[in-house]
Amino acid sequence: MQTVASRAGDAQGRATAPSQPYDPAYDPLKSATPGQGRDYAPTYWIGTAGEPPADDGPVTGDMDVDVVIIGAGFTGLTAAIFLAQEYGIRATVLEANRTSWGCSTRNGGQAQCASGRLKRSQWIERYGLDTALKLHRECLDGMETFKTLIKDIDCEPQHGGHLYVAHRDKVMPTLEKEAKLLRETFDYDAQILDAETVKRDWVGDQDAAGAMHEPEGIGIHAGKLAFGYLRKARALGATVHPSSPVLGWETRDGVHYLKTPGGVVKARSVGIATGGYTSQSLHPQLKNRLLPILSNSIVTRPLTPSEIDACNLHTRQVLTDTRVLRHYYRLLPDNRLQIGSRSAITGRDAPQQKYEDVLVNNMVRKFPALKGISLEYSWWGWVDVSHDMMPRIHQPDPKETVFYALGYGGNGVMYSAQAGRRLAQWIAGDGKQLDLPIFTSKLPFPNIREMVESQAFAPFRRFGQRFLYRWYYLKDEVL
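The protein chain goes by FAD-binding oxidoreductase in an unreviewed UniProt entry, where it is assigned to Billgrantia desiderata.

This is the structure in structure tokens:
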């Protein structure tokens, strides 16, 4: 299996060499910070993205700036882009390790028309129809934001929509009901396909009992997208400082003093965009507000034409299945197959071989012709799940100029661009016009109902997660 070599450079506008190796057992609920200057995880995206573009080097002294963004992933970089483009504000972006070291280069590269983990029918149940319709429009607007951003970024887009594959017969009535709701209530052209059509014309997934096809969905190369965002942000005047974790935070007279290893950064406003790598101690408004969940991903060697035919891989659209512990997968532009799903509970357990083995077995269950195929990449990463399954782009305390964009629940590839845009609005003073619940309320603590929905039993979150994973397995595969 391939790994990623460290890349050297200097602090004069070039990518900087990591001071520490990649930490495979990192755990945001256990580690005080994500580290400093750690190398990238050995992902397909980093292994095939080419040389990382120039950055601004670590913080090397005290700084006095207007806006700091913490986190140089998709959200942080797009926030910096929109601050510059729409408000003329040049942000200073602080990153603990390498640029886009966390979620942004460990995901499945699936840009779906979604925000959080809930379906449209669940939006109606929770918020009512009017708000659900507005949330849908927000997602459609987010897709347009994303498409516009990537027009001049060579991130290997695979257009065509999203195929949501029913993994068992019993799921089809629910899927049919959801598709009807999408067409008739949301004016969104979701279509139901039967099992024979899916396996013959789309993908030979042996689990498939049918599928719902939705028109919006784009597969992208996550590493090339991240590097493209970095180039774009810096070209617009933002500065991006890797190897600069926030080790301490004081707010005095409305001004924020962020302590990094290289100096204190003084800022008037701070945006937090740290995703699944948010430290418990970063800011009091974030403690226990997220449940980080691990997701594993593997990429095979390139498939031969005969193997592609044997798997009936007739589409390169993004694919997911209907399991609670869902799989996300697709045929990449270079004919490798990528597939991912949920993984270990703790960072300490993440490197165990059994989690990769489970994912390989599930791949072979879907595509028996791939039994014994070699893997070229295998990795895992943390997903930021909110306790009510919906993201927040919000100012948690109206007396403080602190804002965050967090809680995508695995649907952040597309929505992170829109969230970066909304975060920029908040920082620039335009946030009060945003009236959806994801903009007007804090990331919640779990209540009794949400403990079950969010896979969290506070304060015994990990214990509850183990219990729920077992229940979800039974629900997905047995009951």
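Moving on from the coordinates now.
**Student:** I'd like a rundown of unusual backbone geometry, residues and numbers included.
**Tutor:** The phi dihedral of asparagine 312 falls on the positive side, at around 50°, and the residue is not glycine. Topologically, asparagine 312 is positioned in the loop between α8 (305–310) and β13 (318–321).

**Student:** So what's going on with the packing of aromatic side chains? Which residues, and what values?
**Tutor:** For the structure on display, the rule yields ten aromatic pairs. Between the aromatic rings of tyrosine 44 and tyrosine 377, the centroid separation amounts to 5.5 Å while the plane-to-plane angle is 85°, which identifies the pairing as edge-to-face. Taken as a pair, tyrosine 44 in helix α1 (residues 44–47) and tyrosine 377 in strand β16 (residues 375–386) lie far apart in primary sequence, 333 residues in all. An identical accessibility class is assigned to tyrosine 44 and tyrosine 377; each is buried.

**Student:** For the sheet that holds strand β14 (residues 328–331), give the residues involved together with the corresponding values.
**Tutor:** Within the open sheet, the eight strands sit side by side as β5-β6-β4-β13-β14-β15-β12-β16. Their pairing is mixed. Here the strands that pair on one side only, and so sit at the sheet edges, are β5 (191–194) and β16. Taking the axes of each pair of neighbouring strands and ignoring which way they run, one obtains an average angle of 20° across the sheet.

**Student:** Now, about helix α6 (residues 195–202): what can you tell me, with residues and values included?
**Tutor:** Within the sequence span of α6, burial applies to Thr197, Val198 and Trp202. Considered in projection along α6, the buried side chains sweep an arc of 100° and stay on one side of the axis. Its buried side turned inward, α6 meets β4 (162–165), β5 and β6 (210–214).

**Student:** Describe the packing of helix α3 (residues 120–127) against helix α5 (residues 172–184), naming the residues involved and giving the relevant values.
**Tutor:** How two helices sit against one another is set out by the angle between their axes and by the gap between those axes. Packing of α3 against α5 brings their axes to within 9 Å, and their N-to-C directions diverge by 75°. On the basis of their axis angle, the class for α3 and α5 is roughly perpendicular. Contacts between α3 and α5 involve Arg120, Ser121 and Ile124 on the former and, on the latter, Glu178, Leu181 and Leu182. Class assignment for the residues of the contact of α3 with α5 results in three nonpolar, one polar and two charged.

**Student:** I'd like to hear about the pairing of β6, residue by residue, with values.
**Tutor:** Of all five residues in β6, five are buried; the element is thus mostly enclosed. By the alternation rule, side chains of β6 split into Gly210, Met212 and Glu214 and Ala211 and His213, which are all buried. By the bridge criterion, four bridges tie β4 to β6 in an arrangement that is antiparallel. Its bridge partner lying in β6, histidine 162 is registered against glutamate 214. Sheet topology places β5 next to β6; four bridges connect them, and they run antiparallel. Residue pairing across strands places glutamine 191 opposite histidine 213, the latter belonging to β6.

**Student:** How would you explain the side chain of serine 279 if you had to name every residue and give the values?
**Tutor:** With respect to the element layout, serine 279 can be found in the loop between β11 (263–272) and β12 (290–300). In this view, serine 279 contacts Pro28, Ser31, Ala32, Thr33 and Pro34; residues no more than four positions away in its chain are not counted.

**Student:** So what's going on with the pattern of salt bridges? Which residues, and what values?
**Tutor:** Pairs can form between side chains of opposite charge whenever their charged atoms are close. Applying the stated criterion to the full structure yields 28 salt bridges. For aspartate 388, the salt bridge identified is with arginine 392, shortest N-O distance 2.6 Å. Residue classification places aspartate 388 among the buried positions, given a relative accessible area of 5%.

**Student:** Give a detailed account of the UniProt feature "domain: FAD dependent oxidoreductase" (unreviewed entry) in the protein chain, specifying residues and quantitative values.
**Tutor:** If you check UniProt for "domain: FAD dependent oxidoreductase" (unreviewed entry), the listed places come out as residues 66–426 in our numbering. What you have in residues 66–426 is 32% helix and 27% strand, and the ends, taken at the C-alpha atoms, are 14 Å apart.

**Student:** An account of empty space enclosed by the protein is needed here, citing residue identities and associated values.
**Tutor:** Applying the stated criterion to the full structure yields three cavities of 30 Å³ or more. Counted as a void, the largest cavity has a volume near 80 Å³. What lines the largest cavity is a set of 13 residues, and nearest its centre among them are Leu29, Thr278, Gln280, Leu290 and Pro292. Class assignment of the residues belonging to the lining of the largest cavity gives a composition of five nonpolar, six polar and two charged.

**Student:** An account of the nonpolar core is needed here, citing residue identities and associated values.
**Tutor:** One finds Ile69, Phe146, Ile220, Leu225, Tyr229, Ile393 and Tyr415 to be the most contacted residues of the largest nonpolar core, which totals 80 residues. It is helix α10 (residues 412–428) that provides the largest number of residues to this core, a total of nine residues. Excluding residues within four positions of it along the chain, isoleucine 393 makes contact with Tyr404, Ala405, Tyr415, Ala419, Arg422, Leu423, Trp426, Ile438 and Phe439. Residues Leu193, Tyr329, Leu337 and Leu359 belong to the second largest nonpolar core, which totals 25 residues.

**Student:** Kindly report on the packing of α3 against helix α4 (residues 129–150), identifying the contributing residues and their values.
**Tutor:** Put simply, α3 and α4 touch, their axes get as near as 7 Å, and they point 135° apart. As summarised for this structure, α3 and α4 are arranged oblique, according to the angle between their axes. Considering the relative orientation of α3 and α4, their crossing is right-handed. Residues Arg120, Trp123, Ile124 and Tyr127 of α3 form the contact with α4, whose participating residues are Leu129, Thr131, Ala132, Leu135, His136 and Cys139.

**Student:** Any details on the environment of tyrosine 22? Residues and values, ideally.
**Tutor:** Relative to the helices and strands, tyrosine 22 resides in the segment before α1. Considered as a pair, tyrosine 22 and glutamine 353 are 331 residues apart in the sequence and their alpha carbons are 17 Å apart. Setting aside residues up to four positions removed in sequence, tyrosine 22 forms contacts with Asp39, Tyr40, Ala41, Pro42, Arg106 and Trp380.

**Student:** I'd like to hear about the pairing of β14, residue by residue, with values.
**Tutor:** Side-chain alternation along β14 places Tyr328 and Arg330 on one buried face and Tyr329 and Leu331 on a second face that is also buried. Pairing analysis gives two bridges linking β13 to β14, with the strands arranged antiparallel. In the strand pairing of β14, leucine 319 is matched with tyrosine 329. Between the antiparallel neighbours β13 and β14 lie six residues. Relative to strand β15 (residues 337–342), β14 runs antiparallel, the two sharing four bridges. Within the sheet, the bridge partner assigned to arginine 330 lies in β15 and is glutamine 338.

Procedures and definitions
In this convention, every chain numbers its residues from 1, walking through the sequence in written order. In keeping with the model being predicted, local features are shown solely for residues with a pLDDT of at least 70 and side-chain atom pairs are shown and tallied solely at 80 or more, while totals for entire chains, interfaces and linings include all residues. To get the side-chain values, take all heavy atoms of the structure and skip hydrogens and water. Numbered from the N terminus, helices here are DSSP runs of H or I no shorter than four residues, and strands are runs of E no shorter than two. Ring pairs shown here join Phe, Tyr and Trp side chains whose ring centres sit within 6.5 Å, with only the six-membered ring taken for Trp; geometry is labelled stacked below 30 degrees between planes, edge-to-face above 60, and tilted in between. In this scheme, a residue with accessible area under 20% of its type's maximum is buried, one over 50% is exposed, and one in between is partly exposed, where area comes from a 1.4 Å probe on protein chains only. Here, strands pair whenever DSSP counts at least two bridges between them. Here an angle of 0 to 180 degrees is reported between the N-to-C directions of two axes, which are lines fitted to C-alpha atoms, with helices fitted over the stretch in contact. In this description, one arc is meant: the one made by directions from the helix axis to the C-beta atoms. The contact definition used throughout considers only heavy atoms, calling two residues in contact when any of these lie within 4.5 Å. Orientation categories follow fixed angle ranges, with anything under 35 degrees roughly parallel, anything over 145 roughly antiparallel, 65 to 115 roughly perpendicular, and all other angles oblique. Nonpolar residues are Ala, Val, Leu, Ile, Met, Phe, Trp, Tyr, Cys and Pro. Charged residues are Asp, Glu, Lys and Arg, and all others, Gly as well, are polar. By salt bridge we mean one thing: a side-chain nitrogen of Lys or Arg within 4 Å of a carboxyl oxygen of Asp or Glu. UniProt positions are given in the numbering used here, feature names are shortened, and annotations may be inferred rather than shown by experiment. Here a cavity denotes a set of grid points, spaced 1 Å apart and computed over the protein atoms alone, in which a 1.4 Å probe fits but from which it cannot get out, and a pocket denotes an open set meeting protein on both sides within 12 Å along at least five of seven lines; residues with an atom within 4 Å of a point are reported as lining. Grid points are joined across faces, edges and corners, and a volume is the space filled by probe spheres set on the points. By convention a nonpolar core is built from buried Ala, Val, Leu, Ile, Met, Phe, Trp, Tyr and Cys residues, the set being connected through side-chain atoms within 4.5 Å. By definition, any crossing whose near helix is turned counterclockwise from its far helix by less than a right angle is left-handed, and any crossing with a clockwise turn is right-handed.

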